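Notes for the structure review
The lines below spell out each chain.
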Amino acid sequence: MKPADGSIMNETDLTGPILFCVALGATLLLAGKIQFGYVYGMSAIGCLGIHALLNLMSSAGVSYGCVASVLGYCLLPMVILSSCAIFFSLQGTFGTMSALVIVGWCSLSASKIFISALDMEGQQLLVAYPCALLYGLFALLTVF
Amino acid sequence: MAAADGLAFHEFEEATNLLAETPDAATTSKSDQLTPQGHVVVAVGSGGSYGVEEEVEEEGDKTALLQEEKPQPGFWTFSYYQSFFDVDTSQVLDRIKGSLLPRPGYNFVRHHLRNRPDLYGPFWICATLAFVLAVTGNLTLVLAQRRDPSVHYSPQFHKVTVAGITIYCYAWLVPLALWGFLRWRKGVRERMGPYTFLETVCIYGYSLFIFIPTVVLWLIPVPWLQWLFGALALALSAAGLVFTLWPVVREDTRLVAAVLLSAVVVLHALLAMGCKLYFFQPLPPEHVVPPSKATALPPNILLTPTMSRSMATS
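The rules behind each value
Residues numbered from 1 in each chain as written. Chains lettered and ligands numbered in written order. Predicted model: local features only at pLDDT ≥ 70, side-chain atom pairs only at ≥ 80, totals over all residues. Heavy atoms only, no water. Helix = DSSP H or I, 4+ residues; strand = E, 2+ residues; numbered from the N terminus. Buried < 20%, exposed > 50% of the residue type's maximum accessible area, 1.4 Å probe, protein only. Contact = heavy atoms within 4.5 Å. Areas by Shrake-Rupley, 256 points an atom, 1.4 Å probe, with all protein chains shown as cover. Expected span 1.5 Å × (residues − 1). Buried area = accessible area lost by both parts, 1.4 Å probe. Salt bridge = Lys/Arg side-chain N within 4 Å of Asp/Glu carboxyl O. Polar contact = N/O pair within 3.5 Å; in protein donor to acceptor, adjacent residues only side chain to side chain. Axes fitted to C-alpha atoms, helices over the stretch in contact; angles between N-to-C directions. Parallel < 35°, antiparallel > 145°, perpendicular 65-115°, else oblique. Left-handed = near helix turned anticlockwise from the far one by under 90°. Nonpolar A, V, L, I, M, F, W, Y, C, P; charged D, E, K, R; others polar. UniProt positions renumbered as here; feature names shortened; annotations may be inferred. Phe/Tyr/Trp six-rings, centres within 6.5 Å; stacked < 30°, edge-to-face > 60°. Core = buried A, V, L, I, M, F, W, Y, C linked by side-chain atoms within 4.5 Å. pLDDT = per-residue confidence, 0-100.

So, on to the overall build of chain A. A count of helical and extended segments in chain A gives six helices and zero strands. In sequence order, the secondary structure elements of chain A are arranged as α-α-α-α-α-α. Per-residue burial over chain A gives 48% buried out of 144 residues. Looking at chain A alone, contacts between residues at least 24 apart form 73% of all its contacts between residues at least 6 apart. Per element, the accessible surface of chain A, about 6800 Å² overall, is 72% carbon and sulfur.

And the structure:
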């Protein structure tokens, strides 16, 4: 897997993440689920958790804005999944498989950016697993 | 015993094997022994409990912080806990493999933990186990409903909290009690010091890993198969615990050793059986009133969730 450039997180930017959260809520709304509260709540608590974990695991500290920014940008595939949910129900084999693929995609890209920005080699799967749990919660929200 | 040759890491493995069997053997190692990829090699030995040993210096910028002499930060800061999360993916996978396949001569703490316990493994294994228990517990009810449409299923979110509290209490309070007991008996033991609290937590945390695939396999609705998987997982997990604790209690009186080991195994068995019975209790068909008439439908819907809850708590 190509390593990401570590310098892309030098300036943190929250516009994109907030836009993606709103897009996720909007696509969920179009699919008939009004769950803005859950989306914002889980994003906030998930960011706090990942921020704590990354501070513990990396030798250099990480700011909350950086964590929120990366997690928010990597939420984009989840928006794609929830826009698919508008057209057909995801509660089936195909829906479950695509949800798993999207969760894996989100968490691998988030962990890739984290380890290249924080210079934590050899720990990508360890960072990917908590991110996968967080994105899994979003996927549960989208599928059910 | 440990020659400073090319295969430095492999030599150390042999030395550790021999050391685990004869704890009072003298080992010497070159103080400038390097490992090939800067992989973390342990600093074995805590004081005089292992006889003559010297610390092996390891290279690696990740562990350089630990070697510096600096005052211990307070336990409310991040840096106090940072040393417990300093693990690689390969180390965590290696520890998990070591807990899955216990062998009599290999002590989990000496071989796999190498005296560097981590909190990452136990924390996430417990979180995963609690999550998987709750999800599969709900899934069995869904599958039972698909097979028998008269069974009424409602998502039981309280199982998530129950699972979480049970697993985390077990994985933290039982090691606390065990650690306290071993320290209390420390005076009887000359050769091997007790494990630190975090090592005990690690032992218990990694030993719970085998239950994760077992719980998933418990979805198969064949009762004798479920009990077989449960017994298998319990045997492997308890064997791992016993083999790890055996060198520590070996020097104690036989009564205390036997009582301690049997208490450990019994608690583990209680946890396994409790999880199986609470989360995978099938709804017996005779307690569920089939919706015979349309007018009788609303009371049934109100009745079956309370019935299932009372069955679950009984």
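What follows deals with helix α4 (residues 89–100) of chain B. Taking 1.5 Å of rise per residue, twelve residues should cover 16 Å, and α4 of chain B covers 17 Å from first to last C-alpha, within 8% of that figure. For α4 of chain B, the complete set of buried residues consists of T89, Q91, V92, R95, I96, G98 and S99 of chain B.

Think of an α-helix as turning once every 3.6 residues; residues three or four places apart then point the same way. If you check helix α5 (residues 93–118) of chain A, its first and last C-alpha atoms are 37 Å apart, about what 26 residues at 1.5 Å a residue would give, namely 38 Å. Looking one or two places after α5 of chain A, you find D119 of chain A, whose phi comes out positive at around 60°.

This next bit is on the interface of chain A and chain B. The interface is formed by 17 residues belonging to chain A together with 13 residues belonging to chain B. Interface area, chain A with chain B, both sides summed: about 1500 Å², of which 63% is carbon and sulfur. The largest contributions to the chain A side of the interface with chain B come from L56, L126 and Y129 of chain A, which together make up 38% of the buried area. Between chain A and chain B we count zero salt bridges in total. Across the chain A-chain B interface, the total number found is two residue pairs in polar contact (both at pLDDT 80 or more). Here the side of chain A that touches chain B gets seven residues from one element, more than from any other, and that element is helix α6 (residues 124–143) of chain A.

Residues and elements named next belong to chain A. Axis separation between helix α1 (residues 15–30) and helix α4 (residues 76–87) bottoms out at 8 Å; the angle between their running directions is 15°. Between α1 and α4, the crossing angle belongs to the class labelled roughly parallel. The two elements α1 and α4 cross, and the hand of that crossing is left-handed. Where α1 abuts α4, its residues F20, A23, L24, T27, L28 and L30 lie against L76, M78, V79, S82, S83 and I86. When its residues are assigned to classes, the contact of α1 with α4 shows nine nonpolar, three polar and no charged.

Feature annotation in UniProt assigns "transmembrane region" (unreviewed entry) to the following positions: residues 38–57, 64–88, 94–114 and 126–143 of chain A. Across residues 64–88 of chain A one finds 88% helix and 0% strand; the C-alpha atoms that close the span lie 36 Å apart.

So, about the packing of aromatic side chains. Residues and elements named next belong to chain A. This structure, assessed with the given rule, holds nine aromatic pairs over all chains. With 6.3 Å between their ring centres and 35° between their planes, F36 and Y40 make a pair best called tilted. With F36 and Y40 both in helix α2 (residues 36–57), this residue pair falls four residues apart, about one helical turn. The exposure class of F36 is partly exposed, given its relative accessible area of 27%. Residue classification places Y40 among the partly exposed residues on the basis of a relative accessible area of 40%.

Let us look at the nonpolar core. Counting residues in hydrophobic clusters, the biggest one holds 93 residues, and the most contacted among them are L71, M78, F114 and Y135 of chain A together with L208 of chain B. Excluding its chain neighbours within four sequence positions, the residues that come into contact with L71 of chain A are G46, C47, I50, A110, F114, C131, L134 and Y135 of chain A.

Moving on to the confidence of the model for chain B. Residue and element names in this part refer to chain B. The share of residues in chain B with pLDDT of 70 or more is 58%, and the mean pLDDT across the chain is 68. Per-residue pLDDT stays below 50 along residues 285–306; that stretch engages in 15 contacts with residues further than four places along the chain or on separate chains. What the predictor reports for the complex is a pTM of 0.67 with an ipTM of 0.74.

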